[in-house]
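Chains, contacts and geometry: an overview
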Amino acid sequence: MRPSRLGRLPSNSPVSTPGVILVAHGSRDPRAAAATTALASAVAAAHPSWAVHASYLDHAGPRPLDVLRRLSRSGCRQAVVVPLLLTAAYHGKVDIPAVLDEAASLDLDVALTDVLGPVSDLLVDGLVRRLPSTELDAVVLAAAGTRDAAARTTVADAADALGARLGLPSAVAYASAAPPTAGEAVRSLPGRVGVASYFLAPGLLYDKAVESALEAGAVAVAPPLTDAPEVVSLIEGRVRAALNVGLLAA
């Protein structure tokens, strides 16, 4: 069997426990792997009929291709790969599709879902959930950053949506690759400024954004989204759409 390239498993795939492979970027910071493991555990708890696995493109292990190989050897015949990414930049456009190309020889039908962005009501719900409960006059949405202009546009859209939900002025900020920094964004806004986290896990870039924001006078900084229920629901939606089956356990 060849992997599906259209984000949907063939209708004649045998019914079996589907493998769900969550693919994070990976980090040398052990907190990042712990956050990804927590998210995988939350998805598995919500959907015990799925075989959920965490994997990483770099630094930590296992690699997604290794997980797919193990699933194939175990007799699994359908799997869904979910990029744990909030923007469709290089890793989502190049690195993860390359994994599917390498998996083409496996006796396994593989579907690749979209990334977890762009902004949606669920994603905004998760951002609001993570914001500390304090009175704010404005909000900054801090993200890792990318050189991909189209991807940055989706982050800016998320900042606008967050500001609209909260009824506050908003700005976007990046920890790398593009301006403004979190500190610059905080200083551009009036009054008590809080910082929402467009990160799925902690790590060097998250810490950099936090430090920059606090030095500039931010009164509150949200933790990463990690295993927020809204992120679990986003993954659920991606997996269900890929499987195109409505009978899996909720």
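From a predicted model like this one, the values you see are computed outputs, not experimental measurements. The numbering scheme is per chain: residues are counted from 1 as the chain's sequence reads. It should be noted that, the model being predicted, local features are given only for residues of pLDDT at least 70 and side-chain atom pairs only at 80 or more, the latter also being counted only at that level, while totals for whole chains, interfaces and linings use all residues. Excluding hydrogens and water, the side-chain figures rest on all heavy atoms present in the structure.

Geometry of aromatic contacts follows a simple scheme: Phe, Tyr and Trp rings, the Trp one being its six-membered ring, pair when their centres are within 6.5 Å, and the pair is stacked under 30 degrees between planes, edge-to-face over 60, tilted otherwise. Tallied over the full model, the rule gives one aromatic pair. Geometrically, the ring pair formed by F199 and Y206 is edge-to-face, given 5.5 Å between the ring centres and 75 degrees between the ring planes. Taking the relative accessible area as the measure of exposure, F199 reaches 7% and is therefore buried. When a residue's accessible area, from a 1.4 Å probe over protein chains only, is under 20% of the maximum for its type it is buried; when over 50% it is exposed; and in between it is partly exposed. With relative accessibility at 12%, the residue Y206 sits in the buried group.

One bridge is not enough; two strands pair if DSSP finds at least two bridges between them. Strands are runs of DSSP state E lasting at least two residues, helices are runs of H or I lasting at least four, and both sets are numbered from the N terminus onward. Spatially, β6-β5-β7-β8 is the arrangement adopted by the four strands of the open sheet, whose pairing is parallel. At either margin of the open sheet sits one strand with a lone partner, and together these are β6 (170–174) and β8 (220–221). For strand β5 (residues 138–143) and strand β7 (residues 193–198), the ladder comprises six bridges, and the chain directions are parallel. Paired with A142 across the strands is S197, a residue of β7.

Moving on, we come to the sheet that holds strand β2 (residues 51–56). If you walk across this open sheet you meet the four strands as β2-β1-β3-β4, and the pairing is parallel. The sheet is open, and its two borders are formed by β2 and β4 (109–112), each paired with just one other strand. Neighbouring strand axes in the sheet, compared pairwise and without regard to direction, differ in orientation by 20 degrees on average. Judged from the five bridges that link them, strand β1 (residues 19–24) and strand β3 (residues 78–83) form a sheet pairing that is parallel. Paired with V20 across the two strands is V80, which belongs to β3. Residue contacts are defined here by distance: any two heavy atoms, one from each residue, within 4.5 Å place the two residues in contact. The convention used is that axes are lines fitted to C-alpha atoms, helices contributing only their stretch in contact, and that angles between N-to-C directions extend from 0 to 180 degrees. In this fold helix α1 (residues 30–46) packs onto β1 and β2, with an angle of close to 165 degrees to the strand it touches most, β2. Seen against the sheet, helix α8 (residues 229–243) touches β1, β3 and β4 and runs at an angle of roughly 140 degrees to β3.

Taken N-terminus to C-terminus, the directions of helix α4 (residues 121–130) and α8 make an angle of 160 degrees; their axes are 8 Å apart at the nearest point. Looking at the two axes, α4 sits roughly antiparallel to α8. Here α4 and α8 pass one another in a crossing that is left-handed. Where α4 abuts α8, its residues L122, L123, D125, G126 and R129 lie against P229, E230, S233 and L234. Note that the term roughly parallel is reserved for angles under 35 degrees, roughly antiparallel for angles over 145, roughly perpendicular for angles of 65 to 115, and oblique for everything else. Put simply, a crossing is left-handed when the front helix is turned counterclockwise from the back one by less than a right angle, and right-handed when it is turned clockwise.

The term salt bridge refers to a pairing of a side-chain nitrogen on Lys or Arg with a carboxyl oxygen on Asp or Glu at a separation within 4 Å. Summed over the entire model, instances satisfying the criterion amount to eight salt bridges. One salt bridge in this structure joins D107 and R77, with 3.3 Å as the shortest N-O distance. Of this pair, D107 sits in the loop between α3 (90–102) and β4 while R77 sits in the loop between α2 (64–74) and β3, and the two are 30 residues apart along the sequence. The exposure class of R77 is partly exposed, given its relative accessible area of 22%. Between R240 and E236 there is a salt bridge, and its shortest N-O distance comes to 3.1 Å.

In this section: the side chain of T146. Tracing the backbone shows T146 in the loop between β5 and α5 (149–166). Residues adjacent in sequence count toward polar contacts only when both atoms are side-chain atoms; beyond that, a polar contact is any pair of N or O atoms within 3.5 Å, and within protein one must be able to donate a hydrogen and the other to accept it. A polar contact is formed between the side chain of T146 and the backbone nitrogen of D148, at a distance of 3.0 Å.

Two elements in contact, α4 and α5, have axes whose closest approach is 10 Å; the angle formed by their N-to-C orientations is 65 degrees. In terms of orientation, α4 lies roughly perpendicular with respect to α5. The element α4 and its partner α5 pack so that their crossing is right-handed. Of α5, the residues touching α4 (which contributes D121, V124, D125, L127 and V128) are A161, L162, R165 and L166.

Moving on, we get to the pairing of β7. Counting buried residues in β7 gives six out of six residues, a clear majority hidden from the surface. Burial of β7 is two-sided: the residues V193, V195 and S197 facing one way and the residues G194, A196 and Y198 facing the other way are all buried. Relative to β8, β7 runs parallel, the two being bridged by two bridges. Across the sheet, the residue bridging to G194 is A220, located in β8. Place the viewer so that the strands point away; then a crossover is right-handed whenever the path from the first strand over the helix to the second strand goes clockwise. Running through helix α7 (residues 204–215), the crossover from β7 to the neighbouring parallel element β8 is right-handed.

Examined against the element boundaries, K208 turns out to sit in helix α7. On the accessibility criterion, K208 (47% relative accessible area) is partly exposed. K208 sits 32 residues away from S176 along the chain, and the two C-alpha atoms are 8.9 Å apart. Of note is the side chain of K208, whose polar atom sits 3.1 Å from the backbone oxygen of A175.

That is the geometry; function is a separate question.
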